[in-house]
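The primary structure of each chain is shown beneath.
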Amino acid sequence: MQVRKIAGALGAEITGLDLTQGLSADQAADVRQVLLDHQVIFLKRQPLTPTQFLAFARAMGKPIEYPFVKGLEGFPQIIEVKKLEHERVNFGGIWHSDTTYLEAPPMGSMLLSKEVPPYGGDTMFANQYLAYESLSDTMKGLLDGLIGISSSAKADVSKTREDRVKTDGKMDATPSEFRAEHPIVRTHPETGRKCLYVNVAHTAGIKGMTDDESAPILNFLFAHQIKPEFTCRFVWEPDAIAFWDNRCAQHNPVNDYHGFRRVMQRITLEGDRPA
């Protein structure tokens, strides 16, 4: 197994592994460590079946179901993330950490590319360790102890789900809104490092503050945490995997391929309550 950094801030490509053959316990531990070291990892030329994709996910953690979109037939933990030729809005097309509106947001998420456009459709990632560590001591002191309020119903992100909920939405009694409260600065449970844990898609306010009081703080953080020097960008090709640590990295799929189809399979891994 070889590891190559793709940017200064975060991101590494792993080569030398064939996931169609499965991973040994030692290999799985090595891959998991690369994820902790680099926040997001990429593996190319991995033509996995749903069974093989799920096996890789289980080697990394515990796959869980996504609340709004039903999974593939026989594989409820695998959803399709797609934008079709006639659609103008892409699923999740805004900077975010996945489902922070849940009481226990996911540890990580992984995408497997099935169909990619001839150009565009890259995904960007942002290192939230660096975003926190670059703040002044005064700002760190202000943020430590503050609690962010996350909602699944913020307008800008809700509209990115509309196409998929129409075609692939769950028909059960999924609530129309999830809400949760999490620290604005969380401590990563495995590395012990502090990182920012707010995002423009889901963080709707700060506990104990009015909207007028919280908006300047949140707007500053939303702009700060995605500075170019905190980011990397991945150019997709068919049969590639991106696996990111949702606890310390944000992502944003770039919506610049109108008229073309982009189809991914996604698995989300169980996490714990942020602290």
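Residues numbered from 1 in each chain as written. Predicted model: local features only at pLDDT ≥ 70, side-chain atom pairs only at ≥ 80, totals over all residues. Heavy atoms only, no water.

### Section: the overall build of the protein
In terms of helices and strands, the protein carries six helices and 16 strands. The C-alpha atoms of the protein give 18 Å as radius of gyration, which agrees with the globular expectation for 275 residues (19 Å, within 12%). If one aligns the C-alpha atoms of the protein with their principal axes, the spans along those axes are about 50 × 40 × 35 Å. Counting only residues that meet the buried cut, the protein has 52% of its 275 residues in that class. Considering only intrachain contacts with a sequence separation of at least 6, the fraction spanning at least 24 residues in the protein is 85%. Accessible area of the protein: about 11,700 Å², with a carbon and sulfur share of 52%. The distance from the centre of the 31 positive side-chain charges to the centre of the 35 negative ones in the protein is 1 Å. (Helix = DSSP H or I, 4+ residues; strand = E, 2+ residues; numbered from the N terminus. Rg over C-alpha atoms; globule rule 2.2 N^0.38 Å. Buried < 20%, exposed > 50% of the residue type's maximum accessible area, 1.4 Å probe, protein only. Contact = heavy atoms within 4.5 Å. Areas by Shrake-Rupley, 256 points an atom, 1.4 Å probe, with all protein chains shown as cover. Lys, Arg positive; Asp, Glu negative; His and termini not counted. Charge placed at Lys NZ, Arg CZ, Asp CG, Glu CD.)

### Details of the state of the cysteines
Throughout the structure, instances matching the rule amount to zero disulfides. Note on C232: no disulfide assigned, nearest cysteine sulfur contributed by C248 at a separation of 12 Å. For the unlinked cysteine C248, the closest cysteine sulfur is that of C195, found at 5.8 Å. The class of C248 is buried, set by a relative accessible area of 1%. (Disulfide = S-S within 2.5 Å.)

### A few points about the packing of aromatic side chains
Per the stated rule, a full pass over the model turns up eight aromatic pairs. Considering the side-chain rings of F56 and F243, the 6.2 Å spacing of their centres and the 80° angle between planes classify their relative orientation as edge-to-face. Separated by 187 residues along the polypeptide, F56 in helix α2 (residues 50–60) and F243 in strand β14 (residues 241–245) bring together distant segments of the chain. The class of F243 is buried, set by a relative accessible area of 0%. Relative to F178, the ring of Y101 has its centre 5.8 Å away and its plane inclined at 25°; by these criteria the two rings are stacked. A residue pair is termed long-range when its members are at least 10 positions apart, and Y101 in the loop between β5 (78–83) and β6 (108–115) and F178 in the loop between α5 (155–168) and β9 (179–183) qualify at 77 residues. What makes Y101 buried here is its relative accessible area of 1%. A cation over an aromatic ring shows up here: K83 above the ring of Y257, its NZ or CZ 4.4 Å from the ring centre. (Phe/Tyr/Trp six-rings, centres within 6.5 Å; stacked < 30°, edge-to-face > 60°. Lys NZ or Arg CZ within 6 Å of the ring centre and 35° of its normal.)

### Side note on the sheet that holds strand β7 (residues 123–127)
Spatially, three strands are ordered β13-β7-β15 in an open sheet, and the strand pairing comes out antiparallel. Two strands in the sheet have a free side with no partner beyond their single neighbour: β13 (231–234) and β15 (249–253). Direction aside, the axes of adjacent strands within the sheet are offset by 20° on average. Looking at chain direction, β7 and β15 are connected through five bridges and run antiparallel. Its bridge partner lying in β15, N127 is registered against A249. (Pairing = 2+ DSSP bridges. Axes fitted to C-alpha atoms, helices over the stretch in contact; angles between N-to-C directions.)

### Structural notes on unusual backbone geometry
Its identity is not glycine, yet R45 carries a phi of approximately 55°, on the positive side. Topologically, R45 is positioned in the loop between β3 (40–43) and α2. A relative accessible area of 58% places R45 in the exposed class. Phi at T99 is positive, roughly 45°, even though this residue is not glycine. Mapped onto the secondary structure, T99 falls in the loop between β5 and β6. In this structure T99 comes out as buried when scored by relative accessible area, which is 6%.

### Observations concerning helix α6 (residues 211–224)
In an α-helix there are 3.6 residues to a turn, and that puts residues three or four apart on one side. Between the first and last C-alpha of α6 there are 19 Å, a value that for 14 residues agrees with the 20 Å anticipated at 1.5 Å per step. In this fold, the buried residues of α6 make contact with α3 (128–133), α4 (137–143), β11 (194–196) and β12 (203–206). (Expected span 1.5 Å × (residues − 1).)

### Quick notes on the environment of T231
Within the element layout of this structure, T231 appears in strand β13. Distance in space between the C-alpha atoms of T231 and F125 is 5.4 Å, their sequence separation being 106 residues. Discounting chain neighbours no more than four positions away, the residues touching T231 are A7, A9, L10, W95, M124, F125, A126 and I226. At 2.8 Å, the side chain of T231 forms a polar contact with the backbone oxygen of P228. (Polar contact = N/O pair within 3.5 Å; in protein donor to acceptor, adjacent residues only side chain to side chain.)

Any link to function would need more than the numbers given here.
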